[in-house]
Amino acid sequence: MNERRTYAIIGCGMMGREHMRNLALVPGAELIAICDPDAGSLKAAQQQAEILNQSVRLFDDSAAMLAAAKPDAVIVASPNFTHFDVVQPVMETGCAVLLEKPMCTEPADARALAEAASVYPGLFWVGLEYRYMPPVTRFAERVHAREAGDIKMLAIREHRFPFLVKVGDWNRFNRNTGGTLVEKCCHFFDLMRHILRDEPVRIFASGAQDVNHLDELYGGEVPDIIDNAFVLVDFAGGARAVLDLCMFAEGSQQQEEISAVGPLGKLEVKLPAAEIIWSPRDRSGAVIEPVATPQDALDAGSHHGASYFQLSHFHRALVNGTRAQVDARDGYRSVVMGAAAQQSIATGQPVDIRFDEED
Ligand SMILES: NC(=O)c1ccc[n+]([C@@H]2O[C@H](COP(=O)([O-])OP(=O)(O)OC[C@H]3O[C@@H](n4cnc5c(N)ncnc54)[C@H](O)[C@@H]3O)[C@@H](O)[C@H]2O)c1
């Protein structure tokens, strides 16, 4: 079978360039064009393309790029607030789409896009890639094999460094990102749904901007993005999940820790330790399973191999004509959960969530 498919990237900042490095690793995935209105980003991407032996055409305008390059697939890695407008002309071409998370900054836009994607004839995939970190993939497999029984409690902790500096500092304001719990934490809300195979019914959150970015000024404005939160999520089937986010914990030994506890025991995974710990309830002792990730996949990005494996699956779906593993409905629902958590922090009240079948 001919596995060659051509790709273009819109937005060549940090994440666009991570996608470039992954494309260089996936057989048959040929990057032919890149686009960015920022000359510095385009130049950095061009220099990287030379190192990777990728022969790319450069554009500062996505409409011109789509018309000239006619790629089979487009990766949209522009800032969150641009996704809604940037992706629609891409969809008009009918090509496959890998849209970075969060799908949109507002639930209403995400819903409109999910509706359009539900009747889109091409592949439409949302970049909620944390499912593809090999230790997390393995952890979910073991949860789904019911080793711990029906999961009653799922806890996701991310203790990490502050938000990085972005081109034009777009990530310093909620209006551009959707808020920290949409921007960053859509990954974790997607993981909750994926691991529990269930849907949320209620969210309560407490959080604030207590430490980070308070001494920064952009056009006279101080950033307004929260840097720590606890988010409680009740799921329809009765499971409870919690997100514990801290973004001033650079010294933490583990960046992500996920645990799932059921009547038979507890499964845990930690990153970057990349091991799964099974602690059966009968106290027979913990069993540790190390999970390796190929070095080239680790080196290509800063997401423990996730973006490489996501792209590999995306390319396979493109070649085989199969469905997206992470679709617009997943994208929409993760935005709704993040926005509900932001709302709960703002009001101090829990937020009920009810997805209709078609949502
Ligand atoms: N999947 C992940 O884990 C992950 C990690 C980081 C970032 N992201 C997402 O990737 C996207 C980009 O983030 P980043 O960290 O690369 O930011 P960045 O600021 O480093 O890069 C964004 C680039 O997009 C360009 N851009 C701005 N408007 C554009 C437009 N209309 N068309 C084309 N390009 C445009 C900017 O000039 C910049 O070069 C965001 O949506 C972000 O949330 C995802």
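Residues numbered from 1 in each chain as written. Predicted model: local features only at pLDDT ≥ 70, side-chain atom pairs only at ≥ 80, totals over all residues. Heavy atoms only, no water.

## Brief notes about the sheet that holds strand E12 (residues 265-271)
Link 1 in the chain: On the basis of which strands lie adjacent, the open sheet formed by 9 strands has the order E14-E13-E12-E11-E7-E10-E9-E8-E15 and mixed pairing. Two strands close off the open sheet at either side, each with one partner strand: strand E14 (287-290) and strand E15 (351-352).
Link 2 in the chain: Packed onto the sheet, helix H6 (residues 134-144) meets strand E11 (256-262), E12, strand E13 (275-280) and E14 and runs at close to 170 degrees relative to E12.
Link 3 in the chain: Against the sheet, helix H9 (residues 186-196) engages strand E7 (153-159), strand E8 (200-208), strand E9 (228-235), strand E10 (240-246) and E11, with an angle of about 155 degrees to E7. (Pairing = 2+ DSSP bridges. Helix = DSSP H or I, 4+ residues; strand = E, 2+ residues; numbered from the N terminus. Contact = heavy atoms within 4.5 Å. Axes fitted to C-alpha atoms, helices over the stretch in contact; angles between N-to-C directions.)

## Comments concerning the site of the ligand
Link 1 in the chain: Near the ligand there are 28 residues, and of these Met15, Asp36, Ser41, Asn80 and Lys166 occur at the shortest range.
Link 2 in the chain: A distance of 3.0 Å separates an oxygen atom of the ligand from a polar backbone atom of Met14.
Link 3 in the chain: Contact with the protein chains covers 89% of the free accessible surface of the ligand, which is 840 Å².
Link 4 in the chain: Of the pockets mapped on this structure, the ligand occupies the largest pocket.
Link 5 in the chain: Going through the elements one at a time, helix H1 (14-23) and helix H4 (83-93) are the ones with two or more residues in the shell around the ligand. (Near = heavy atom within 4 Å. Polar contact = N/O pair within 3.5 Å; in protein donor to acceptor, adjacent residues only side chain to side chain. Areas by Shrake-Rupley, 256 points an atom, 1.4 Å probe, with all protein chains shown as cover. 1 Å grid on protein atoms, 1.4 Å probe; cavity = no way out; pocket = protein on both sides within 12 Å on 5 of 7 lines; lining within 4 Å. Sits in = over half its atoms within 2 Å of the grid points.)

## Quick look at the side chain of Thr6
Link 1 in the chain: Take Thr6: it is sitting in strand E1 (residues 5-10).
Link 2 in the chain: In contact with Thr6, not counting residues within four places along its chain, are Glu30, Ile32, Lys70, Pro71, Asp72 and Ala73.

## Overview of the side chain of His187
Link 1 in the chain: Inspection of the secondary structure assignment puts His187 in helix H9.
Link 2 in the chain: Residue His187 is classed as buried on the basis of its relative accessible area of 5%. (Buried < 20%, exposed > 50% of the residue type's maximum accessible area, 1.4 Å probe, protein only.)

## Overview of the packing of H1 against helix H11 (residues 306-320)
Link 1 in the chain: H11 packs onto H1 with a crossing angle of 60 degrees between their chain directions and a minimal axis gap of 9 Å. The angle between H1 and H11 places the two elements in the oblique class. By crossing handedness, the relation of H1 to H11 is classed as right-handed. Residue-level contacts link Met15, Glu18, His19, Asn22 and Leu23 of H1 to Ser307, Tyr308, Gln310 and Leu311 of H11.
Link 2 in the chain: Of the residues assigned to the contact of H1 with H11, the class counts are 4 nonpolar, 4 polar and 1 charged. (Parallel < 35°, antiparallel > 145°, perpendicular 65-115°, else oblique. Left-handed = near helix turned anticlockwise from the far one by under 90°. Nonpolar A, V, L, I, M, F, W, Y, C, P; charged D, E, K, R; others polar.)

## Here's the deal with the domain arrangement of the protein chain
Link 1 in the chain: By the assigned domains, the protein chain splits into domain 1 (5-127) and domain 2 (131-352).
Link 2 in the chain: Between the C-alpha centres of domain 1 and domain 2 there is a distance of 23 Å.
Link 3 in the chain: In this complex, domain 1 contributes 41 residues to the contact, which on the side of domain 2 involves 43 residues.
Link 4 in the chain: Between domain 1 and domain 2, the buried area comes to about 3,400 Å², and carbon and sulfur atoms account for 70% of it. (Domains from an automatic or database assignment. Buried area = accessible area lost by both parts, 1.4 Å probe.)

## Observations regarding the packing of aromatic side chains
Link 1 in the chain: A full pass over the atoms with the stated rule returns 7 aromatic pairs.
Link 2 in the chain: Seen in terms of ring centroids, Tyr308 and Phe309 are 4.9 Å apart; in terms of plane orientation they differ by 75 degrees. Their pairing is edge-to-face.
Link 3 in the chain: On the basis of relative accessibility, which here comes to 18%, the residue Tyr308 falls in the buried class.
Link 4 in the chain: What links up through ring pairs into an aromatic cluster is the set Tyr7, Trp125, Tyr132 and Phe314.
Link 5 in the chain: We note Arg160 situated over the ring of Phe161; from NZ or CZ to the ring centre the distance is 4.1 Å.
Link 6 in the chain: Taking NZ or CZ as reference, Arg175 lies 4.6 Å from the ring centre of Phe173, over its face. (Phe/Tyr/Trp six-rings, centres within 6.5 Å; stacked < 30°, edge-to-face > 60°. Lys NZ or Arg CZ within 6 Å of the ring centre and 35° of its normal.)

## Let's talk about the environment of Asn176
Link 1 in the chain: Within the secondary structure, Asn176 is located in helix H7 (residues 174-177).
Link 2 in the chain: As for Asn176 and Pro79, which are separated by 97 residues in sequence, their C-alpha atoms are 7.7 Å apart.
Link 3 in the chain: Discounting chain neighbours no more than four positions away, the residues touching Asn176 are Asn80, Phe81, Thr105 and Trp170.
Link 4 in the chain: Among the polar contacts made by the side chain of Asn176, one reaches the main-chain carbonyl oxygen of Trp170 at a distance of 3.0 Å.

## As for H4
Link 1 in the chain: Every buried residue of H4 is accounted for by His83, Val86, Val87, Val90 and Met91. The arc that holds every buried residue of H4, seen down its axis, measures 135 degrees, which confines them to one face. Structural note: H4 exposes Asp85 and Glu92 on the side pointing more than 90 degrees away from its buried face.
Link 2 in the chain: Gly94 sits one or two residues past H4 and shows a positive phi near 85 degrees. (Arc of directions from axis to C-beta.)

## Points about the nonpolar core
Link 1 in the chain: In terms of nonpolar packing, the biggest core is built from 109 residues, with Met103 and Phe124 touching the most fellow members.
Link 2 in the chain: Two domains each provide a minimum of three residues to this core, namely domain 1 (5-127) and domain 2 (131-352).
Link 3 in the chain: The contact partners of Phe124, leaving out residues within four places of it in the chain, are Val87, Met91, Val97, Leu99, Met103, Leu113, Ala117, Ala324, Val326, Asp327 and Ala328. (Core = buried A, V, L, I, M, F, W, Y, C linked by side-chain atoms within 4.5 Å.)

## Quick notes on the environment of Pro200
Link 1 in the chain: Relative to the helices and strands, Pro200 resides in strand E8.
Link 2 in the chain: Exposure remark for Pro200: the relative accessible area of 2% places this residue in the buried category.
Link 3 in the chain: Along the primary structure Pro200 and Asp60 are separated by 140 residues, whereas in three dimensions their C-alpha atoms are 41 Å apart.
Link 4 in the chain: Not counting residues up to four positions away in its chain, the partners in contact with Pro200 are Arg193, Val233, Asp234, Phe235, Met337, Ile353 and Phe355.

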